[in-house]
Amino acid sequence: MGSTGTVLRELRGAQKSAKGVSLYSRYVNRPAGRVLAAGAYRAGLTPNQVTLISALFTYVALASVALVEPSWTLAVLVYAALAVGFAFDSADGQLARLTGRGGPDGEWLDHVVDCGKLLLVHTAVLISFYRFGELPSDAWLLLPLGFQLAAVVTFCAGLLREHLGKPAASAQGPSWAAAPAAPVSRVRAVALLPADYGVFCLVFLLLGAPGAFRAGYAVLAVVHTLFLAAFLAKWFRELKALRAG
């Protein structure tokens, strides 16, 4: 087992392409995940165990949103747990590529945890609104449901796009192996920031101010809905082009 520095260097050489990735994921979450992956490797953890650690941090944080009255202390703790959980979500894939221990079971588990996260995060907000929100109108209770719909459809449609587009990409080998040759648009990386889960988690820092949290959450809901429309149109065109080709 090599030193932590050696492991980190090997992890840097086994990264996914930065194409289509926001600046947060590229410069914050992936590097944090790389450090956690190195630590997990040194501790002898498997990628699936790292996935479960990610789920533990994330699900406990979201349960707290639903069950604990909002406060600034809760805001900091929830954000910290969500950010750590997201970093571990990056670490499991990096560890799998480093050790060659990835497989369909790990990919399946990772997607199940991610799907549960997307359902639970907006359900937790809905419960918090209902229990603690003192809402101006009951119509606010519809907002988490709409946000949840946009998030889940984006997630499922993205997975289908990746799966249905695999025949065209399979000849290029693993996506991380082709990373150096992939063109990366800094403008696109900035534009994708509002749709990044890590950026979304920042809104929970406003839990101590319910009105500000509602406003920030509503803005993100609108932005994610607009991104969903753009992504669906883009993915449909790409899949149609694959058929024509």
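Residues numbered from 1 in each chain as written. Predicted model: local features only at pLDDT ≥ 70, side-chain atom pairs only at ≥ 80, totals over all residues. Heavy atoms only, no water.

### A look at helix H5 (residues 104–132)
This is how it is decided: The helix count covers DSSP runs of H or I at least four residues long, the strand count covers runs of E at least two residues long, and both are numbered beginning at the N terminus. Helix span is expected to be 1.5 Å times the residue number reduced by one.
In a regular helix each residue adds 1.5 Å, so 29 residues correspond to 42 Å; H5 covers 41 Å between its end C-alpha atoms and thus fits that length. Just past H5, the residue Glu134 takes up positive phi, approximately 45°.

### What to know about the packing of aromatic side chains
Note the threshold: Each pair of aromatic rings taken from Phe, Tyr and Trp, with Trp reduced to its six-membered ring, is defined by centres within 6.5 Å and is described as stacked if the planes are under 30 degrees apart, edge-to-face if over 60, and tilted in the remaining cases. A 1.4 Å probe rolled over the protein chains alone gives each residue an accessible area, and that area as a share of the maximum for its type sets the label: buried under 20%, exposed over 50%, partly exposed in between.
Counting across every chain of the model gives 13 aromatic pairs. On the basis of an interplanar angle of 10° and a centroid distance of 6.4 Å, the ring pair of Tyr24 and Phe86 is categorised as stacked. Note that Tyr24 is positioned in helix H2 (residues 23–43) and Phe86 in helix H4 (residues 72–99), a separation of 62 residues in sequence. Residue classification places Tyr24 among the buried residues on the basis of a relative accessible area of 13%.

### Observations concerning unusual backbone geometry
Most peptide bonds are trans, and most residues other than glycine sit at a negative phi. Even without a glycine there, the phi angle at Glu134 is positive, about 45°. On the secondary structure map, Glu134 appears in the loop between H5 and helix H6 (142–164). Glu134 gets classed as exposed once you look at its relative accessible area, which sits at 77%.

### Comments concerning empty space enclosed by the protein
Heads up, the rule is: Both cavities and pockets are sets of points on a 1 Å grid over the protein atoms alone; in a cavity a 1.4 Å probe fits but cannot get out, in a pocket the set is open with protein on both sides within 12 Å along at least five of seven lines, and lining residues sit with an atom within 4 Å of a point. Grid points are joined across faces, edges and corners, and a volume is the space filled by probe spheres set on the points.
Taken as a whole, this structure holds 2 cavities of 30 Å³ or more when the rule is applied. As a volume, the largest cavity reaches approximately 80 Å³. What lines the largest cavity is Pro70, Ser128, Phe129, Phe132, Gly133, Leu207, Pro210, Phe213 and Arg214. For the second largest cavity, the calculated volume is near 30 Å³. Taken together, Ser54, Ala55, Thr58, Tyr59, Asp89, Val113, Asp114 and Lys117 make up the full set of residues lining the second largest cavity. If you list the elements that add at least two residues to the lining of the second largest cavity, you get helix H3 (47–67) and H5. The biggest single contributor to the lining of the second largest cavity is H3, with 4 residues.

### Observations regarding a nonpolar patch on the surface
The cut-off we apply is this: The patches described consist of residues with a relative accessible area above 30% and no salt bridge, like charges being joined within 9 Å and nonpolar side chains (Val, Leu, Ile, Met, Phe, Trp, Tyr) within 5 Å. Method for areas: the Shrake-Rupley scheme with a 1.4 Å probe, in which residue coverage is limited to the protein chains shown. Each salt bridge in this description consists of a side-chain nitrogen of Lys or Arg and a carboxyl oxygen of Asp or Glu lying within 4 Å of one another.
On the surface, a cluster of nonpolar side chains totalling about 220 Å² of accessible area is made up of Val76, Leu202 and Leu205. Here Leu202 is to be found in the loop between helix H9 (197–201) and helix H10 (210–244). Leu202 sits in the partly exposed class, given a relative accessible area of 37%.

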